[in-house]
Structures are given as C-alpha cells and as structure tokens.
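Here's the letter readout for the chains.
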Amino acid sequence: VQARRAARLYMEKAKVMDQYWWPYRGVWTYPFAERFPLVEQPVLILQPEEALAEYSERAGELLPDSHFILLAGVERDVFDVAVEEFARELRRFLD
C-alpha cells in the first residue's frame with residue numbers, strides 16, 4: 001500500500017474514534033448461532049490470512065450454503081493488496 005493511500009485509510013478510520021466500539025459491539029452481541037442457519041442464499045466468505053480466519057471459517061459452517069476461501073498470504077487491506085485475487089474468487093462464485 002502506498003504511503004498516501006495508507007494515510008487516507010488511517011484518516012478515514014480516525015474520523016470515528018469516539019464511536020470505534022459500535023461495530024465491535026454489534027459483532028460480538030449478534031446472535032449469529034441462531035440467525036446464520038436461517039440464511040437461504042449462498043454466501044461467499046473471502047477471508048484474509050489473519051487472526052480471525054479460523055473464526056470466520058467456523059462461522060461459515062453455520063450457514064447452510066457457504067463457501068469459505070482463505071486468501072493465503074493476504075493479511076489485511078484486501079481491497080488494496082489483493083484486488084485481482086479478490087475479484088477472481090468473487091467472479092468464480094457469481095458465475
């Protein structure tokens with residue numbers, strides 16, 4: 001990631017500093033074990049190779065029609081460092 005792009009990403013994240021906890025609260029309090037089995041549509045989980053990968057894969061097991069793909073070697077910022085790989089896997093899923 002170029003320095004200018006990294007700085008812009010940081011500034012975007014910094015804008016919500018006083019509300020940074022909102023998405024975490026939503027994620028950690030959502031009743032996913034009850035709700036995920038109700039999803040009827042196919043779900044693609046494109047997961048960077050990071051600390052939450054194992055949990056994402058396990059969450060996908062609760063979805064009736066999930067497809068889990070680990071983006072090996074991609075640790076973060078998937079839209080900046082793995083655009084082609086992300087697009088390829090998304091296209092494969094949608095076709």
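So, here's what we can say about the structure.

What counts, and where the lines are drawn
- Residues numbered from 1 in each chain as written.
- Predicted model: local features only at pLDDT ≥ 70, side-chain atom pairs only at ≥ 80, totals over all residues.
- Heavy atoms only, no water.
- 1 Å grid on protein atoms, 1.4 Å probe; cavity = no way out; pocket = protein on both sides within 12 Å on 5 of 7 lines; lining within 4 Å.
- Points joined across faces, edges and corners; volume = space filled by probe spheres on them.
- Helix = DSSP H or I, 4+ residues; strand = E, 2+ residues; numbered from the N terminus.
- Nonpolar A, V, L, I, M, F, W, Y, C, P; charged D, E, K, R; others polar.
- Buried < 20%, exposed > 50% of the residue type's maximum accessible area, 1.4 Å probe, protein only.
- Pairing = 2+ DSSP bridges.
- Right-handed = clockwise from strand over helix to strand, strands pointing away.
- Salt bridge = Lys/Arg side-chain N within 4 Å of Asp/Glu carboxyl O.

1. Some thoughts on the layout of surface pockets
The computed volume of the largest pocket comes to approximately 610 Å³. Lining the largest pocket are 16 residues, and of these V27, W28, L52, S56 and A59 lie nearest its centre. At 5 residues, the largest contribution of residues to the lining of the largest pocket is made by helix 2 (residues 21–29). When grouped by side-chain class, the residues that make up the lining of the largest pocket number 13 nonpolar, 2 polar and 1 charged.

2. Observations concerning the pairing of strand 1 (residues 43–48)
Of all 6 residues making up strand 1, 5 are buried, and the element is well covered by its neighbours. Where strand 1 and strand 2 (residues 66–71) come together, 6 bridges link them in parallel fashion. Along strand 2, the bridge assignment pairs L46 with I69. Traced from strand 1 through helix 4 (residues 53–60) to strand 2, the parallel crossover comes out right-handed.

3. A closer look at the pattern of salt bridges
Counted under the stated rule, the structure contains 3 salt bridges. Between E89 and R92 there is a salt bridge, with its nearest N and O atoms 3.5 Å apart. Of this pair, E89 and R92 both sit in helix 6 (residues 83–94), 3 residues apart, which is roughly one turn of that helix. In this structure E89 comes out as buried when scored by relative accessible area, which is 11%.

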